[in-house]
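# Residue-level structural notes
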Amino acid sequence: MSWKEESLTWHFVEKWADRKPEAEVLVDEKGRLNWREFSRGVDLVAKAMLEAGVEKGDVVAMLDVPCNEFPIVYMAAGKVGAMWLGLAPKFTLDELRYIFNDAKPAVLFTMREYMNADLGENIKALVKEFPFLKKVIVKGGALEGTEDYYDYTGRPREEMDAALEERAESVTPEDDALLLYTSGSTGKPKGVVHTHRSLIANVSVASREFGFNEQSRLIVHMPINHVAADTEIGLSSIYVGGALVHMAVFEPARSLEVIEKEKVTVTGQIPVMYLLQMKTERFRSTDFSAVKSFVWGGSAAPLPMIQALAAIAEKTGTILVNGYGSTEVGGFISFTKRDDGVEDLQGTLGVIAEPHEIKVVDKDRRELAAGEIGEFAFRGPFLMKKYLNKPEATAEVMDDDGWFYSSDIGYMDERGYIYITGRKSEMYKTAGENVFPREIEEVLEQHPSVGLAAVVGVPHDFFGEVGWAFAMKTPGAPDVQPGELRGLCKEKLADYKVPRKFIVRDLLPMLPNGKINKPALKREIEEEK
């Protein structure tokens, strides 16, 4: 199958290697690669996978940070018909064990050291405990029974050229290409399976809506197990022929230096990352003139953040984009518009992009009218294929007509703009009344000293459940007292919606997807009680 069909993820590596072989595409702290070198690297790693015994349909795991090797291994796995799985080096051994037991990767590519910590003991444990691992390839110092990344993948293996061509020809758009694990906000993480077709269906639309093109330079500083690194930024950039600038670890001040030095045109971040950048002295002196798009997702953005970005946009012409996305839909599928004001950028998740479909349904999955609160459902070729090894969980969220039921609760206005009020699992009842945490969080985030807020339901002997509100301070803002926040809620909300307790902190626990870790807050409350 020729790359000119543009139906498989790695086709776009070969497309741009053919069209502009000397153009820069991959950048990290160690070096720079052009499209010709990227394409050659994909073939070398793909042949190494074949020699390691990777069969079509196998899982290839990679435990690493954003780096030039990340997209090379990712695309190589697709070329040999395997499903690529990204893992974060900050995962504990128990978290890795859970994923390995579920995914059963045939090969593991891993870094040896992370944040000055040796991962060797974890690697040894995985090798010992999981005999289905055919090969472990280590970057930064091989261990006994493993291979060195650069030595093993650098061999030309010209005798395997024909085998690679034959394997690549056998790969179809319906084959599994990417395995992502959910953040586990409602229990153990589930493996989300995406095909070549679903990934391309997403990034072909998202790159258009974001305004990406072959001159785009995108910074990658989200973990490689996250949909942002893998599709929204990583694959979208490869699709349009742009460049990826990798940062191993997000450091607020350092990221601003990279944005300026590398003339990054797109910053895709979760709100807390922007807030941390704004807290640094470097933010005020950063030259953002090359940036064409400030993009955020994962959670609602506080007003001070949007106002600060809007002030930059006034000077530079940068666009601000927010939208709805998830692991199951493969990235963003709704987007705010270029001329949207601060109110829509803060309060909505934009409009569903064509040709994607959306509806809001009641508990019986009957469609609701504009303004009515219900569960969001989505349909289109971008949807995941299934939850790995979980047919019952898949059947719970996908119907025979191709609709995916997201568990996200909210409504659409007459314009088609999406408003999220919370998750089905987050709603709680106070004295028989339904309370949606997001409504309260939006009120709290109106306070200039509150950057992000989280409200959780807590058992109560008399009312059944009551709300506890956690507020994260806006960087550099004056202190705020719980009484101020209580007064604000009393002014804006019905009595039963006003949380029973208010807690203000400099930082709140975060999930990998950028949302506040509400299960961690609930555990903390249980321990306190």
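Above this text is the structure in question.
Residues numbered from 1 in each chain as written. Predicted model: local features only at pLDDT ≥ 70, side-chain atom pairs only at ≥ 80, totals over all residues. Heavy atoms only, no water.

## Thoughts on unusual backbone geometry
The omega torsion across E354 and P355 is 5°, close enough to zero to call that bond cis. Positionally, P355 belongs in the loop between β20 (351-352) and β21 (357-361). Not every positive phi belongs to a glycine, and M115 is a case in point at roughly 50°. By the element assignment, M115 lies in the loop between β6 (113-114) and β7 (117-118). Under the relative-accessibility criterion, M115 is labelled exposed at 55%. The phi torsion at R365 lies on the positive side, around 65°, for a residue other than glycine. Following the sequence through the fold, R365 ends up in the loop between β21 and β22 (374-379). (Helix = DSSP H or I, 4+ residues; strand = E, 2+ residues; numbered from the N terminus. Buried < 20%, exposed > 50% of the residue type's maximum accessible area, 1.4 Å probe, protein only.)

## Looking at the packing of helix α3 (residues 69-79) against helix α9 (residues 227-240)
A pair of packed helices is captured by two measures, namely the crossing angle of their axes and the spacing between those axes. Their axes nearest at 12 Å, the elements α3 and α9 cross at an angle of 85°. By the angle class used here, α3 and α9 are roughly perpendicular. Contact residues: F70, P71, Y74 and M75 in α3; A229, D230, T231, L235 and I238 in α9. Taken together, the residues of the contact of α3 with α9 sort by class into seven nonpolar, one polar and one charged. (Axes fitted to C-alpha atoms, helices over the stretch in contact; angles between N-to-C directions. Parallel < 35°, antiparallel > 145°, perpendicular 65-115°, else oblique. Contact = heavy atoms within 4.5 Å. Nonpolar A, V, L, I, M, F, W, Y, C, P; charged D, E, K, R; others polar.)

## With respect to helix α4 (residues 93-103)
Along α4, the residues that are buried comprise L93, L96, I99, F100, D102 and A103. Of the surrounding secondary structure, the elements contacted by the buried residues of α4 are β3 (59-63), β4 (83-87), β5 (107-111), α5 (120-129), β10 (176-181) and β11 (191-195). Positive phi appears at K104, one or two residues downstream of α4, with a value of about 50°.

## Here's the deal with the side chain of E441
Following the sequence through the fold, E441 ends up in helix α16 (residues 437-444). If sequence neighbours within four positions are ignored, E441 has contacts with A453, A454, V455 and K518.

## Remarks on the layout of surface pockets
Here the second largest pocket is characterised by a volume of approximately 390 Å³. Around the second largest pocket, the lining is made up of 20 residues, and of these K30, V65, M111, K139 and A248 lie nearest the centre. Residues belonging to the lining of the second largest pocket are distributed by class as follows: 10 nonpolar, three polar and seven charged. (1 Å grid on protein atoms, 1.4 Å probe; cavity = no way out; pocket = protein on both sides within 12 Å on 5 of 7 lines; lining within 4 Å. Points joined across faces, edges and corners; volume = space filled by probe spheres on them.)

## Here's the deal with empty space enclosed by the protein
For the structure shown, the criterion picks out two cavities of 30 Å³ or more. Approximately 40 Å³ is the volume found for the largest cavity. For the largest cavity, the full set of lining residues is M62, L63, D64, E69, F109, T110, M111, K139 and Y149. Elements that contribute at least two residues to the lining of the largest cavity include exactly β3 and β5. A per-element tally of the lining of the largest cavity places β5 first, with three residues. Split into classes, the residues belonging to the lining of the largest cavity amount to five nonpolar, one polar and three charged. By volume, the second largest cavity is sized at about 30 Å³.

## Some thoughts on the sheet that holds strand β24 (residues 404-412)
The strand order across the open sheet formed by four strands is β21-β22-β24-β25, and the pairing between neighbours is antiparallel. A single partner strand is all that each edge strand has here, and the edge strands are β21 and β25 (418-423). Each adjacent strand pair in this sheet contributes to an overall mean axis angle of 45°, direction not counted. When β22 meets β24, the two strands line up antiparallel, connected through four bridges. Directly across from F378, in β24, lies its bridge partner F404. (Pairing = 2+ DSSP bridges.)

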